[in-house]
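So the chains spell out like this:
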Number of protein chains: 2
Amino acid sequence: MNGAAHIDPIAAVVLHLAIVLVAAKLGGELAVRLRQPAVLGELSAGVVMGNIVWFDPVAADPAVDLLARLGVLILLFEVGLESTVKQMLQVGLAALLVAVTGVVVPFALGWGIGALLVPELGPYVHAFLGATLCATSVGITARVLKDLGASQRDEARIILGAAVIDDVLGLVVLAVVSGAIVAADQGSSLSVGEIGLILGKAAGFLVGALALGVVLAPRLFRLASRLRARGVLLAVGVAICFLFSWLSSAIGLAAIVGAFAAGLILEDVHYRDFVDRGEHGLEDLLEPISSLLVPFFFVLMGMRTDLRAFADPEVLVLAGALTVVAIAGKQACSLAVWRRPIDRLSIGIGMIPRGEVGLIFASIGATLTLGGRPIISPALYSAVVVMVIVTTLVTPPALTWSLARSSRPAAQSSQGPSQ
Amino acid sequence: MNGAAHIDPIAAVVLHLAIVLVAAKLGGELAVRLRQPAVLGELSAGVVMGNIVWFDPVAADPAVDLLARLGVLILLFEVGLESTVKQMLQVGLAALLVAVTGVVVPFALGWGIGALLVPELGPYVHAFLGATLCATSVGITARVLKDLGASQRDEARIILGAAVIDDVLGLVVLAVVSGAIVAADQGSSLSVGEIGLILGKAAGFLVGALALGVVLAPRLFRLASRLRARGVLLAVGVAICFLFSWLSSAIGLAAIVGAFAAGLILEDVHYRDFVDRGEHGLEDLLEPISSLLVPFFFVLMGMRTDLRAFADPEVLVLAGALTVVAIAGKQACSLAVWRRPIDRLSIGIGMIPRGEVGLIFASIGATLTLGGRPIISPALYSAVVVMVIVTTLVTPPALTWSLARSSRPAAQSSQGPSQ
């Protein structure tokens, strides 16, 4: 009969969501038992599932993708909440130097590897390969630091600050390189004015958003604290996170930059009115939401890995070379830290993962054409994916080891309950 | 330039989500100030937004739809968690009688109204109109009861138990009626065996799921409590909710039936191991998630209302008649309650809203054809929608008034922290 007509369209979706949740927790459990951060287990669970045909509908489900994207925003928002603008400014110069070094050196090395191994593809492709190496994936490092309870350490602030800045710088490099490619494809070249516009937007957003937030956030929460409906604090907080994500996206930056900025400007003095009347703080309220949503991002990133790419020797050589310069390039960051009590090695390691941003760059490269051929061919794409996977997989254990080695006690901040 | 290429696809989505969140809380606030449950304000905010063209992309966003569908599952799961199988069985017979009365009477009245006002459309259409009147929307009533802190009262258990049962009965009626229509459209008729199969599946699911859950849930949680990864309790709980939703959908019942059943079988003795080691209980962990997700359902239901349908007098007459019998028909439920200390009027009122199930029925009717014409024409659809809206809007204030009038203290259960 037409029983099928009654099957709610949500049915397949919730099955997929349940599968991802269970896989994430089983993978996370395995990692925790092996004394690794749970995030590595979630990624690995995703890699295993991604290479079993049976799970293909899960990986292709737009609902899983949506929750993963929301999850990474919530994660960056949470990480931002753990820091304040004041604390970021204290590490600001260090973070800026680390970020600039961590963009310039890998970009140059990536370009060089391209020129060395695939000279026939020309400078635009080489520049694009360099661009994919620029941006650190804040998501992975933030999660590892959170799993280790190290988010409040100075190293963590420098890494996260630098990662956010090099995200912006990476996006600027990408925008400039792709702009040049589009112009070259049309037989012209990129104007200085256009480069200036891209640069101006990025700087304007961060400074503007932070300044606006610092002025507006306290007023907004004072207003919101007068509302009597249930769940106002959480809804307002999440809405601000989403609005900032949209704003940063709308001006051409990554949405995660906005989510992090939103977290940065919200401090718990702003919503003390809520806590005073017995409600939970924003961090407490976000905790269950992030523990449910964030694993979707890491499992999905794992699922998108095609292990068959490892079978092609040429891809393997290029992937290996890219991975080596990706890791080595970010170690240059540690040279940019001049303050002594800071653990330089942890900073270099913390900057390694390329994660989601590298994948986004590679997928943009696959859609750009020059003379009718895509800038990033399937083979190059596989090489970039391998680089992203290895840098991502290598960071959690390395950072765990490195932070444990530098046995300084975690610096306590004045910023309310730590998790 | 190609700045557009960098706009994260999540950007538009998060803007829409932020808009819904803000609208929900503003609407909820207005309702609370008018001493109404917040849900009425969320619905009204949706109705207002749904009739402003500017918000059309929000209403059409599949992400909003997804979160709304997940929200109603989480809501029913939460409501189920507040009751135990034992408590449900105590009100079981009363709930069954209420449910059967609340399906038979509105079905007959709906059929009669169809035969009276639109006799030319034939008995299949009349039967279908009757079917749309069968199922109470547990979502609305559950939320009102929750907002009023009355979920633990005997009336609440009877209403929710009956609503779940009449959801099943309504789906059975719908399956039988649509089966008959499909058969008639093909020139044959529905066999007794097919009707038996539909009935058997429904009974089998509820009894089977409950029995299985009662046996398996404690073992599953004892196993899960040995895991050390973060957020295991919440992930396992939500995964069970999703799996039951999928299961009930897979056998042709509404997904919400499974979500409610999942909540019913999970009792806090099952996860005492988690709470003993200092974690929050499942209800506490779900609270922020539901306060964020559930408003999406109510705002979206409001947004799907087209106020222009009210402009056609013929639609208005049919809508008015359907609404009257929808409300009057469920008052017959109170006659099925023979125990005296129970507030009968509240039960009759609590069964009124048709909400999501009525809308789902109407949309299925719009896709069924008989002799080349849809069973539910656009005009009939509008009439059903108006009935759904009015029954939905009328219930919160009526139930608030009715429960306040019967001033019996809320029965305290032994079931842990109430909200």
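Residues numbered from 1 in each chain as written. Chains lettered and ligands numbered in written order. Predicted model: local features only at pLDDT ≥ 70, side-chain atom pairs only at ≥ 80, totals over all residues. Heavy atoms only, no water.

Moving on, we come to empty space enclosed by the protein. Under the definition given, this model contains three cavities of 30 Å³ or more. Here the largest cavity is characterised by a volume of approximately 290 Å³. Lining the largest cavity are 21 residues, with Leu67 and Leu293 of chain A together with Leu67, Ile289 and Leu293 of chain B sitting closest to its centre. At the level of elements, helix 1 (10–33), helix 4 (62–81), helix 11 (232–250) and helix 14 (282–303) of chain A together with helix 4 (62–81), helix 11 (232–250) and helix 14 (282–303) of chain B are the ones that each hand at least two residues to the lining of the largest cavity. (1 Å grid on protein atoms, 1.4 Å probe; cavity = no way out; pocket = protein on both sides within 12 Å on 5 of 7 lines; lining within 4 Å. Points joined across faces, edges and corners; volume = space filled by probe spheres on them. Helix = DSSP H or I, 4+ residues; strand = E, 2+ residues; numbered from the N terminus.)

Rotating chain A by 180° about the axis while translating it 0.0 Å along that axis superimposes it on chain B, leaving an RMSD of 0.0 Å. The relationship between the two copies is best expressed as a two-fold rotation axis. Within chain A, Ile289 of chain A has its C-alpha nearest the rotation axis, a separation of 3.0 Å. Comparing interface residues between copies, 100% of those in chain A also lie at the interface in chain B; the contact surface is shared. (Least-squares fit on C-alpha atoms with pLDDT ≥ 70 in both. Contact = heavy atoms within 4.5 Å.)

Here we come to the packing of helix 11 of chain A against helix 14 of chain A. Residues and elements named next belong to chain A. At their nearest, the axes of helix 11 and helix 14 sit 10 Å apart, and the two run at 75° to each other. As judged from the angle between their axes, helix 11 and helix 14 are roughly perpendicular. For the pair formed by helix 11 and helix 14, the contact residues are Leu233, Leu234, Gly237 and Val238 on the first element and Leu282, Leu285, Leu286 and Ile289 on the second. Its residues assigned to classes, the contact of helix 11 with helix 14 comprises seven nonpolar, one polar and no charged. (Axes fitted to C-alpha atoms, helices over the stretch in contact; angles between N-to-C directions. Parallel < 35°, antiparallel > 145°, perpendicular 65-115°, else oblique. Nonpolar A, V, L, I, M, F, W, Y, C, P; charged D, E, K, R; others polar.)

Moving on, we come to the packing of helix 4 of chain A against helix 1 (residues 10–33) of chain B. With their axes 11 Å apart at the nearest point, helix 4 of chain A and helix 1 of chain B run at an angle of 75° to one another. Relative to helix 1 of chain B, the element helix 4 of chain A is oriented roughly perpendicular. Contacts between helix 4 of chain A and helix 1 of chain B involve Leu66, Arg69, Leu70 and Leu73 of chain A from the first element and Ile10, Val13, Val14 and Leu17 of chain B from the second.

All names here are of chain B. In total, this model carries six aromatic pairs over all chains according to the counting rule given. Taken together, a centroid distance of 5.3 Å and an interplanar angle of 90° make the contact between Trp54 and Phe55 edge-to-face. Ring plane angle 85° and centroid distance 5.8 Å describe the contact between Phe107 and Trp111, whose orientation is recorded as edge-to-face. On the criterion of helical spacing, the pair formed by Phe107 and Trp111 is a turn pair, its members being four residues apart in helix 6 (residues 92–117). Assessed through its relative accessible area of 35%, Trp111 is described here as partly exposed. (Phe/Tyr/Trp six-rings, centres within 6.5 Å; stacked < 30°, edge-to-face > 60°. Buried < 20%, exposed > 50% of the residue type's maximum accessible area, 1.4 Å probe, protein only.)

Bringing the interface of chain A and chain B into the picture now. Between chain A and chain B, the contact holds 65 residues from the first and 65 residues from the second. Around 5,800 Å² of area is buried between chain A and chain B when both sides are counted, 72% of it from carbon and sulfur atoms. Linking chain A with chain B are zero salt bridges. On the surface where chain A and chain B come into contact, there are zero residue pairs in polar contact (both at pLDDT 80 or more). Elements with a minimum of two residues in the side of chain A that touches chain B: helix 1, helix 4, helix 9 (154–185), helix 11 and helix 14 of chain A. The biggest single contributor to the side of chain A that touches chain B is helix 1 of chain A, with 15 residues. Across the side of chain A that touches chain B, the residue classes tally to 43 nonpolar, eleven polar and eleven charged. (Buried area = accessible area lost by both parts, 1.4 Å probe. Salt bridge = Lys/Arg side-chain N within 4 Å of Asp/Glu carboxyl O. Polar contact = N/O pair within 3.5 Å; in protein donor to acceptor, adjacent residues only side chain to side chain.)

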